[in-house]
Structures are given as C-alpha cells and as structure tokens.
Amino acid sequence: MCIRDSRKAQLKNEVDSEILEWVRQWDVYQWDVINETIGNTLLQQIIGWDQMAEWFKIAKNNSYRVVSQGRSRYSSTGFFINDFKIISAKPTSLDGGSFYQSRKATYMDRIDRIISDGGPINGIGFQSRFKYGPVDQNEVIERIDDFSIRYPDFQLAGTEFEIKDGSDYVYTELERARMTEEILTTYYSHRNMTGLNAWDFMSASSDPDTTEITAAMAWYDGSIKLNGLVWYYLHRIRYNTDVSLETDHSGTVTIPAHKGDYLVTVTHNNRTRLANITLTDDQVLEFEVEPTFRINAGLSDAWFNPATDGQGFFITVVPDLGIITLAWFTYDPQLPPESASA
C-alpha cells in the first residue's frame, strides 16, 4: 500500500471511530450524522462520496438504542443530515429565489446520493437562522413542502433556530418576537416537521460582536427578552394541553392536543390510574380502570326491597356462557277494575 492509500485509510478509520464513539454516548431522539455537506466536502473528496452512506450505517448500527439492547426512551431514533440557508435562505423578494434554488438542488443531491448508496437516512435538518428581515410565511411553507413532497417518509426538523441581526438587516425587538411566533407556528403546523431547536438561548447583555447576542432569548442575569417571552408563551400556554374533562356514558372523551409527551390521569369511582404517553398523531388511547363491582354468580337468587314487599327480581348469572337472565315481578298499587284484563 502506498503512502497516499495508507493515509486515506487512516483518515477513514479516524472518521469512523469518531462517529462510533459519539453515537453510543447518549439516548437521543435524533442524530445529525452529517452536518453542512453543501460547502464542506473535503472528506468526501479524499475518502469517497460513498462514505456518507457508510457514516449513516455506522450511526444506526451502533447507536445507544442498539448497544443498550433497546432500552431507549424513544420509539425510534432519527438519523439526519443537516445544513444551513435552505428554509432560511434569502427570501425571493431579495434575489428572485436563485440562492435558495441553488442550495436546494445541492442539498437534495447529497440526500439522494446517500439514499442510492444505501444509507439509512430518515431525517432532514434545516438550520433556521433568519437574518434577512421579515419573511413571507407562505414562502417558508413552500420551501418545507419542496422537501416533504420529495421525501414524504422523512422527518423534517428545524435546527439552530434564531432571529439574528445580519450585515444587511437589524431587527427591532418587536420584529424579532413577532418572527419567533411566526416561524414556530409555521414549523409546528407542518405535518412533516417534528421539532425546532433553539440556538442562542442565553447570552451576556454586552459583547464586542453584537450579532452574537441579539438573537438570545434571555440574559445571564435571568431577565427575559421579548422573543423569550414569546417562546415561553407558545410552549407553555398556546401549545400546551392541560385540561380536565368527563367522559360520556360510554367512557369516551375527545381531547384536542398537540404532539408531545403527556401525563394522563383517569379517575373512576374514586380509583385513579396514571399513564405517561407520547402523542405522535391522531390516536385512540384506551384505559381500563378496575371496577368497584363485578357481576358474578353470587347474584343468582330472588331479590326484593323490604320497603316494597311483594315484588322483586329473580336473577340467574351463568359466567361460563356470559349470560344473565332477569325476571321482574311487580304489581299495580291500585286495584284495577273488574273489566281490566291481565
């Protein structure tokens, strides 16, 4: 083996080892296996473009779920590719959409290459750093749709979300808060979007590079910015389900709720059952509460109320057949006329 091939093999082993080490560390619902492949392609050029699929295979075959024998908290782990300036690329109003179209085509080429090489990719991440001013939410939806239509079975997720001042635009705090509400609502309303992760959550109130602090939601002293209040309101109030309802006579109740994790409390005849559930779609959930009384063979007999002696029930219970027979004997409290027929 020549020196070039030897170093190439060493580089491949180093990259594989890094993925192997990290993917085993934590129980997570999603991994960004590859990040920013549109502009960073040096590794692929050296060790081969087919290695992108191999990286996904290493991640899936050696994830926490696998090495921990299925003890993951999540029903499935997403294996994602991730890149920037896709959904958050310049609005069409600024450049006619050329920048977005170019990056979209390259991003889809990367995804298609991984799929064709057998990589177990099932998610696409979009770094959501908006810095070109207010955007048309219809255009945001259209860009998400471009990927949800092309890859209908993939999870989509917003990553590194922030409304950040750029060289061409400086937001007012009101604009930043309004866009936070608009982007979250737009992302969360899309059927294929599985989440949105914030980037600059907390920062110092002063920094030589002001663009590094403007997107934060809170300061280190604990004070909350306006966009942070919007984030809190949406997650804790608007998109939070905390209701108490009674079922109908059949024991059924319909609850409008958002996707997510819930603690459900069911109370019947002073007996309570708690259940932790994860809501992923429209679902029918059944809860069985142990009844305080069950019909049984011991009920087979003649029964009457001493206050109304002279009438009552004959009950026969046959548990093996699932049958109950009941005869009700009663009388008219007033003597009927002689012309009445029985």
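Preceding this section is the structure that the text describes.
The following refers to the structure shown. All chains use their own residue numbering, which begins from 1 and follows the written sequence. Given that this is a predicted model, residues contribute local features only at a pLDDT of at least 70 and side-chain atom pairs are listed and counted only at 80 or more, while totals for whole chains, interfaces and linings are drawn from all residues. The basis for every side-chain value is the complete set of heavy atoms in the structure, and neither hydrogens nor water enter the calculation.

### Observations regarding the pairing of strand S4 (residues 155-163)
A simple rule labels every residue: compare its accessible area, found with a 1.4 Å probe on the protein chains alone, to the largest value its type can have, and call it buried under 20%, exposed over 50%, or partly exposed in between. Numbering of helices and strands runs from the N terminus; a helix is a DSSP stretch of H or I covering at least four residues, while a strand is a stretch of E covering at least two. Buried residues dominate S4, accounting for eight of its nine residues. Where strand S3 (residues 123-130) and S4 come together, seven bridges link them in parallel fashion. Paired with arginine 129 across the strands is glutamate 162, a residue of S4. With helix H7 (residues 137-150) bridging S3 and the parallel S4, this β-α-β connection has right-handed handedness. Two strands qualify as a pair provided that DSSP identifies no fewer than 2 bridges between them. Pairing of S4 with strand S5 (residues 193-198), which is carried by four bridges, proceeds in the parallel orientation. Bridged to alanine 157 within S5 is glycine 195. For the handedness criterion, the strands are oriented away from the viewer, and a crossover whose path from the first strand over the helix to the second runs clockwise is classed as right-handed.

### A look at unusual backbone geometry
As a rule of thumb, non-glycine residues mostly have phi less than zero, and peptide bonds are mostly trans rather than cis. Despite not being glycine, glutamate 36 has its phi angle at roughly 55°, a positive value. In this fold, glutamate 36 is placed in the loop between strand S1 (30-35) and helix H2 (42-47). Residue classification places glutamate 36 among the partly exposed positions, given a relative accessible area of 21%.

### Focus: the packing of aromatic side chains
Each aromatic pair joins two rings of Phe, Tyr and Trp (for Trp, the six-membered one) with centres within 6.5 Å, and gets the label stacked for planes under 30 degrees apart, edge-to-face for over 60, and tilted for any other angle. Under the defined criterion, the tally for this structure stands at ten aromatic pairs. With 5.8 Å between their ring centres and 20° between their planes, phenylalanine 313 and tryptophan 328 make a pair best called stacked. Of the two residues, phenylalanine 313 sits in strand S11 (residues 312-318) while tryptophan 328 sits in strand S12 (residues 323-329), which places them 15 residues apart along the sequence. Residue class for phenylalanine 313 comes out partly exposed when judged on its relative accessible area of 34%.

### Some words on the nonpolar core
Core analysis: the largest hydrophobic core is formed by 49 residues, its most contacted members being Ile124, Phe130 and Phe147. In what follows, a contact means two residues having at least one pair of non-hydrogen atoms within 4.5 Å. Here phenylalanine 147 is in contact with Ile86, Tyr100, Lys104, Tyr107, Met108, Ile111, Ile124, Phe126 and Leu156, once residues within four sequence places are set aside. What is meant by a nonpolar core is a set of buried Ala, Val, Leu, Ile, Met, Phe, Trp, Tyr and Cys residues, joined one to another through side-chain atoms within 4.5 Å.

### Some words on the sheet that holds strand S10 (residues 301-303)
On the basis of which strands lie adjacent, the open sheet formed by three strands has the order S10-S11-S12 and antiparallel pairing. Both outer strands of the open sheet, S10 and S12, are each paired with one neighbouring strand and no more. Along the sheet, successive strands turn relative to each other by an average axial angle of 20°, direction set aside. Alignment of S10 against S11, held across three bridges, turns out to be antiparallel. Across the sheet, aspartate 301 pairs through a bridge with isoleucine 315, a residue of S11. Note on geometry: axes are C-alpha line fits, over the in-contact stretch for helices, and angles between N-to-C directions span 0 to 180 degrees.

### Section: the pattern of salt bridges
Within this document, salt bridges are pairs made up of a side-chain nitrogen of Lys or Arg and a carboxyl oxygen of Asp or Glu, the two lying within 4 Å of each other. Taken as a whole, this structure holds 14 salt bridges when the rule is applied. A salt bridge links arginine 178 to glutamate 182, with the shortest nitrogen-to-oxygen separation between them at 3.8 Å. Separated by four residues within a single helix, arginine 178 and glutamate 182 lie in helix H8 (residues 173-189), roughly one turn from each other. Overall, the relative accessible area of 39% leaves arginine 178 in the partly exposed class.

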